Amino acid sequence: MGSVITLTTDFGYDDAYVAAVKGVILSTNPMAQIVDIAHSVEPQNIAQGAFVLGVACRYFPKNTIHLAIVDPGVGSERRGIILKTSSAVFVAPDNGILSYVVSDLCLAEDQSARHPRDFGRMAFKTGLEAAAISDPRFWRQPVSSTFHGRDIFAPVAAGLSLGISIYEFGEKITSLRLFPTPRPSLDSQGNVSGHVMYIDRFGNLITDIRNSDVPAKDVTIQVAGRTIEGLSSYYEERPGLAATPGSSGYLEIALPSGSARDFLDCIIGDEVQLITALE
């Protein structure tokens, strides 16, 4: 079976870790198609890994298996989980790395509880299933206490690619651990207050303001004491800082032929104001 299995990790490319995970998968299913989403996630940066996975997973074929390993709690009592949606299957430690995936799929009707730290306070949306990874029959033995990605998660992903039911790997669960994904606020005059949510390798500042939330009318963007008048349809439409609807689905602040991060000395969490023109 030539199932697609993606990998999102903080392992980097300088060590044997990525190759070992791929080797375990291929030893179980030589026909698996392994696709690297990212291995340059900052070490133990769960929020960064969650964002990268949440953006990339949208573009894969139905029933793709996404293996995500950013796991500072490896060897502890944190559990491994499998989440099955209508379009994909996710294998990961239960540490919040699926937060962006779930926030898009499974928002509660009660807006005040949209992003709790413990997903157990929310009911699964219809079409979602989850299981704990608890049956050692499928694990690679002996299990290293420092490399569950190789010894537990990789063989589980490979088993899923062969058509094994998620409940063969462990008992059904109805809750996941999530962190609150950033959301902008809107005032009575239509102005949006957001934040820098992610910074890519080009130094572009990706905000938590969705492209669909940007008003159609003229806007002014304020960030790090700088003002950007209006939106650009592409990065080099005009000189200087640009605010443009990004490919990730969120508003970006960019500096053509430069780094907006370095120019503005911005960090994740800095405020971004979107001010609408008064009519």
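Bear in mind that the values here come from a model prediction, so they are computed numbers and not experimental data.

## A few points about the pattern of salt bridges
In step 1: Under the counting rule described, the total for this entry stands at eight salt bridges.
In step 2: For Asp94, the salt bridge goes to Arg79, with nearest N and O atoms at 2.8 Å. Taken together, the residues Asp94 in the loop between strand E5 (88–93) and helix H3 (99–105) and Arg79 in the loop between strand E3 (64–69) and strand E4 (80–84) connect sequence positions 15 residues apart.
In step 3: On the basis of relative accessibility, which here comes to 30%, the residue Arg79 falls in the partly exposed class.
In step 4: Note that Arg137 is salt-bridged to Asp135, the shortest N-O span being 2.8 Å.
In step 5: Residue Arg137 is classed as exposed on the basis of its relative accessible area, which comes to 58%.
In step 6: Through salt bridges with shared partners, a single network forms among Asp135, Arg137 and Glu168.

## A closer look at the side chain of Ser3
In step 1: With respect to the secondary-structure elements, Ser3 resides in the segment before strand E1 (4–9).
In step 2: At a separation of 3.1 Å, a polar atom in the side chain of Ser3 contacts the main-chain carbonyl oxygen of Ser161.
In step 3: Each residue touching Ser3, except ones within four places of it in the same chain, is listed here: Met31, Ala32, Gln33 and Ser161.

## Structural notes on unusual backbone geometry
Negative phi values dominate among residues other than glycine, just as trans dominates among peptide bonds.
In step 1: Along the chain, Gln141 connects to Pro142 via a cis peptide bond; the corresponding omega equals -5 degrees.
In step 2: In this fold, Pro142 is placed in the loop between strand E6 (129–132) and helix H4 (148–161).
In step 3: The phi torsion at Gln44 lies on the positive side, around 65 degrees, for a residue other than glycine.
In step 4: Gln44 sits in the exposed class, given a relative accessible area of 52%.
In step 5: At Ala224, a position not held by glycine, the phi torsion is positive, near 50 degrees.
In step 6: Here Ala224 shows up in the loop between strand E10 (219–223) and strand E11 (226–229).

## Describing the layout of surface pockets
In step 1: Of the volumes computed, that of the largest pocket is approximately 360 Å³.
In step 2: Contributing to the lining of the largest pocket are 16 residues, with Phe51, Val52, Val55, Tyr198 and Asp200 lying nearest its centre.
In step 3: Residue assignment for the lining of the largest pocket shows that the elements contributing at least two residues are strand E2 (33–38) and helix H2 (46–56).
In step 4: Considering every element that reaches the lining of the largest pocket, the biggest residue donor is H2, with five residues.
In step 5: Residue classes in the lining of the largest pocket are distributed as nine nonpolar, five polar and two charged.

About the thresholds
Residues numbered from 1 in each chain as written. Predicted model: local features only at pLDDT ≥ 70, side-chain atom pairs only at ≥ 80, totals over all residues. Heavy atoms only, no water. Salt bridge = Lys/Arg side-chain N within 4 Å of Asp/Glu carboxyl O. Helix = DSSP H or I, 4+ residues; strand = E, 2+ residues; numbered from the N terminus. Buried < 20%, exposed > 50% of the residue type's maximum accessible area, 1.4 Å probe, protein only. Polar contact = N/O pair within 3.5 Å; in protein donor to acceptor, adjacent residues only side chain to side chain. Contact = heavy atoms within 4.5 Å. 1 Å grid on protein atoms, 1.4 Å probe; cavity = no way out; pocket = protein on both sides within 12 Å on 5 of 7 lines; lining within 4 Å. Points joined across faces, edges and corners; volume = space filled by probe spheres on them. Nonpolar A, V, L, I, M, F, W, Y, C, P; charged D, E, K, R; others polar.

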